[in-house]
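Structural description and commentary
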Amino acid sequence: MKKNFKIAAILMIIAAICGLAVSGMNMITAPIIERNQLLKEAALCKEIFADYDMDASGKPITEGLSNEAISKKVIARNADGELIGYIYTVSGKNSYGPISLLVGIGADGKLVSAEFLENGQSYGKQVETHVNSSYTSGLTLEEITNINTSCGATYGANTVKELVTIAFNDYNNGGAQ
């Protein structure tokens, strides 16, 4: 009986040390991961709008957004402070996994680009191919609603279409300030 308590105590000490090690590693890596995510987003914003200037664009809007799928909206400006468009961070999930996109809508109300932040779909490559071939620059909301989502990964394609539509609906319903 005494031997069992000794084994249990040793195992609890080992578990506590492992827990502290994992917690300490998380404290070290969390800021690095967050910084890398911000750098990735900034690079994608530059990919969407070549003349995007992060300083002139200011802080992203994270409150009072029209749909819970929208986590962030950036009023994109160039270095001169001129409005060039809007960048929406939208996320959704279906039975095949999560999707997060940056959707760029130009000041003229047309799609500039849709870029993946996360593509956790089981058939992610098909979804990515579908997005790259279907969501081309210059599309209007009406043209987006007419995109055929039959691509071998229909659930993912439908989720992308829904997310891009949510961004456009925010833009068209007063999101463009």
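Residues numbered from 1 in each chain as written. Predicted model: local features only at pLDDT ≥ 70, side-chain atom pairs only at ≥ 80, totals over all residues. Heavy atoms only, no water.

**Description of the overall build of the chain**
For the chain, the helix and strand inventory stands at five helices and four strands. Along the longest, intermediate and shortest principal axes, the C-alpha atoms of the chain span 75 × 40 × 25 Å. A buried classification covers 38% of the 177 residues belonging to the chain. For the chain, contacts bridging at least 24 residues in sequence account for 50% of all contacts bridging at least 6. One finds the centroid of the 14 positive side-chain charges in the chain at a distance of 17 Å from the centroid of its 18 negative side-chain charges. (Helix = DSSP H or I, 4+ residues; strand = E, 2+ residues; numbered from the N terminus. Buried < 20%, exposed > 50% of the residue type's maximum accessible area, 1.4 Å probe, protein only. Contact = heavy atoms within 4.5 Å. Lys, Arg positive; Asp, Glu negative; His and termini not counted. Charge placed at Lys NZ, Arg CZ, Asp CG, Glu CD.)

**Overview of a nonpolar patch on the surface**
On the surface, Ile 7, Ile 10, Leu 11 and Ile 14 cluster together to form a nonpolar patch covering roughly 360 Å² of accessible area. Mapped onto the elements of the fold, Ile 10 is located in helix α1 (residues 2-48). By relative accessible area, which is 44% here, Ile 10 ends up partly exposed. (Patch = residues over 30% accessible without salt bridge, like charges linked within 9 Å, V, L, I, M, F, W, Y side chains within 5 Å. Areas by Shrake-Rupley, 256 points an atom, 1.4 Å probe, with all protein chains shown as cover. Salt bridge = Lys/Arg side-chain N within 4 Å of Asp/Glu carboxyl O.)

**Here we look at helix α3 (residues 124-134)**
Every α-helix winds through 3.6 residues per turn, so residues three or four apart in the chain are directed the same way. When we look at burial in α3, the residues that qualify are Gly 124, Val 127, His 130 and Val 131. Along α3, the residues classed as buried sweep out an arc of 125 degrees about the axis, all on the same side. With respect to the buried face of α3, the exposed residues turned more than 90 degrees away are Lys 125, Asn 132 and Ser 133. (Arc of directions from axis to C-beta.)

**Notes on α1**
The terminal C-alpha atoms of α1, which comprises 47 residues, lie 67 Å apart, in line with the 69 Å expected from a rise of 1.5 Å per residue. Listed in full, the buried residues belonging to α1 are Glu 41, Ala 42, Leu 44, Cys 45 and Ile 48. The elements touched by buried residues of α1 are α2 (54-57), β1 (70-77), β2 (83-94), β3 (97-106) and β4 (111-119). (Expected span 1.5 Å × (residues − 1).)

**A short note on the nonpolar core**
Grouped together as the largest cluster of nonpolar side chains are 29 residues, with contacts concentrated most on Tyr 88, Leu 101, Val 103, Tyr 135, Val 160 and Val 164. Going through the elements one at a time, β1, β2, β3, β4, α3, α4 (141-145) and α5 (154-175) are the ones with two or more residues in this core. When residues of this core are assigned to their parent elements, the largest contribution, seven residues, is made by α5. If you look at the next biggest cluster of nonpolar residues, it comprises eleven residues, including Leu 44, Cys 45, Ala 76 and Ile 84. (Core = buried A, V, L, I, M, F, W, Y, C linked by side-chain atoms within 4.5 Å.)

**Section: the environment of Ile 166**
The topology assignment puts Ile 166 in helix α5. Residue Ile 166 is classed as buried on the basis of its relative accessible area of 12%. A sequence separation of 76 residues divides Ile 166 from Val 90, and the C-alpha atoms of the two residues are 8.1 Å apart. Apart from the residues within four sequence positions on either side, Ile 166 is in contact with Asn 67, Ala 69 and Ile 70.

**Digging into the pairing of β4**
In the sheet, β3 pairs with β4 via seven bridges, with the strands oriented antiparallel. Each bridged residue has a counterpart across the sheet, and for Gly 104 the counterpart in β4 is Ser 113. Linking two consecutive strands that pair antiparallel, namely β3 and β4, is a turn of four residues; a positive phi of about 85 degrees is found at Gly 109 within it. (Pairing = 2+ DSSP bridges.)

**Quick word on the sheet that holds β2**
The strand order across the open sheet formed by four strands is β1-β2-β3-β4, and the pairing between neighbours is antiparallel. The sheet terminates laterally at β1 and β4, the two strands that pair on one side only. Along the sheet, successive strands turn relative to each other by an average axial angle of 20 degrees, direction set aside. As judged from the ten bridges shared by β2 and β3, these two strands associate in the antiparallel manner. (Axes fitted to C-alpha atoms, helices over the stretch in contact; angles between N-to-C directions.)

**A few points about the packing of aromatic side chains**
Describing an aromatic ring pair means giving the distance of the ring centres and the angle of the ring planes. One pass over the structure, following the stated rule, counts three aromatic pairs. Aromatic side chains Tyr 86 and Tyr 171 sit 5.6 Å apart centroid to centroid with 65 degrees between the ring planes, which places their arrangement in the edge-to-face category. Of this pair, Tyr 86 sits in strand β2 while Tyr 171 sits in helix α5, and the two are 85 residues apart along the sequence. Through a chain of ring-to-ring contacts, the aromatic side chains of Tyr 96, Tyr 123 and Tyr 155 assemble into a single cluster. (Phe/Tyr/Trp six-rings, centres within 6.5 Å; stacked < 30°, edge-to-face > 60°.)

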